[in-house]
Amino acid sequence: MQAEIFGMRDPETFVRTELLLGREKMQRLRGSYVMVIGLGGVGGYVVEMLARSGVGRLTIVDPDVVQPSNLNRQLIATQDNIGESKASLWRERLRSINPELKVDAMVLFVRDELTDELLQEKEPDFVIDAIDTLSPKVHLIKSLQEHEIPFISVMGTGAMVDPTQIKIGRMDKMKNCPLGRMIRKRLRKLQVPLKFPVVYSEELPLEHAILLTEGEQNKKSTTGTIAYNPAVAGCYAAYFAIDQIVNRELPHEA
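What counts and how
Residues numbered from 1 in each chain as written. Predicted model: local features only at pLDDT ≥ 70, side-chain atom pairs only at ≥ 80, totals over all residues. Heavy atoms only, no water. Helix = DSSP H or I, 4+ residues; strand = E, 2+ residues; numbered from the N terminus. Buried < 20%, exposed > 50% of the residue type's maximum accessible area, 1.4 Å probe, protein only. Lys, Arg positive; Asp, Glu negative; His and termini not counted. Salt bridge = Lys/Arg side-chain N within 4 Å of Asp/Glu carboxyl O. Contact = heavy atoms within 4.5 Å. Pairing = 2+ DSSP bridges. Axes fitted to C-alpha atoms, helices over the stretch in contact; angles between N-to-C directions.

### Brief notes about the side chain of arginine 184
- Inspection of the secondary structure assignment puts arginine 184 in helix H7 (residues 178-189).
- Put simply, arginine 184 is tucked away with no salt bridge, and the nearest opposite charge, on aspartate 172, sits 6.7 Å away.
- Setting aside its immediate chain neighbours within four residues, arginine 184 contacts Met171, Asp172, Lys173, Met174 and Leu194.

See below:
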């Protein structure tokens, strides 16, 4: 099977994706620019799926290095790269998947005051929020709506074991998600609209799998996790982003 896609070095890379989506939608993917903030268990699968689906440009953002505790669920983590920057590792992995992909990797903790600056500078077509800390997540959601940038926000999958209860919904209609409730409460105080898309689980968290922590920045608890739940959530978020890109009118095309 042969195909000439975008003049790529290896045109067969996306021949099966084009067979599924069609050439016009593949061209939209190739011309799209997506930002993913957070490269943990969820965000790692997001960027992997976007790269393998043919997105043309990515900005990936994460401040952390690989820790031993990441090995049970984070796609990039191996015994050989503990202590290395997640953003840098992902840049190399994504470019090895698709050398034509434009990847901007930022080793950055997106604190509240940096959120607007980052969005104004990068101007992505679509953003996937895979942040796992409360305050930065709230301010990112607020800024995305103020800048009218299409996005999806991924809620927590910790202390849960059933991937069939993960779904795409709307923040104002979401139920059973502790992280989502906290975010919703803060957004209401800030008078931020709640009719935006989220990936979340309706499974009630297992209480024994949540340990309170002290003295850690932006982290009040540690939750038990299993490999497949963040992966499923990440795939759902990647699907939503791709669907928006190929089937909807994005701001730069209006």
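### A closer look at the environment of alanine 227
- Note on placement: alanine 227 falls in the loop between strand E9 (221-223) and helix H8 (228-247).
- Remark: the alpha-carbon pair of alanine 227 and glutamine 74, spanning 153 residues in sequence, is separated by 7.6 Å.
- Sequence-distant contacts of alanine 227, defined by excluding residues within four places in its chain, comprise Asn72 and Arg73.

### Quick look at unusual backbone geometry
- Phi at alanine 159 takes a positive value of approximately 60°, unusual for a residue other than glycine.
- We note that asparagine 176 has phi near 75°; this positive angle belongs to a residue other than glycine.

### Some remarks on the pattern of salt bridges
- Counted according to the given criterion, the structure contains 11 salt bridges.
- Residues arginine 23 and glutamate 18 are paired through a salt bridge, measuring 3.5 Å at the closest nitrogen-oxygen approach.
- Classification of arginine 23 by relative accessible area gives partly exposed; the value is 39%.
- Taking the relative accessible area as the measure of exposure, glutamate 18 reaches 15% and is therefore buried.
- In this structure, arginine 170 and aspartate 172 form a salt bridge, with 2.8 Å as the shortest nitrogen-oxygen distance.
- Accessibility expressed as a relative area gives 27% for aspartate 172, which makes it partly exposed.

### Side note on the sheet that holds strand E6 (residues 166-170)
- Taken in spatial order, the seven strands line up as E3-E2-E1-E4-E5-E7-E6 in an open sheet, and their pairing is mixed. Unpaired on one side and paired on the other, strand E3 (102-106) and E6 mark the two borders of the sheet. In this sheet, adjacent strand axes meet at a mean angle of 15° when their direction is disregarded.
- Along the sheet, helix H3 (residues 41-53) contacts strand E1 (33-37), strand E2 (57-61), strand E4 (126-129) and strand E5 (151-154); its crossing angle with E1, the most-contacted strand, is approximately 165°.
- Across the sheet, H8 lies against E1, E4, E5, E6 and strand E7 (197-201), angled at about 45° from E6, the strand it touches most.

Any functional reading would require information that these geometric values do not contain.
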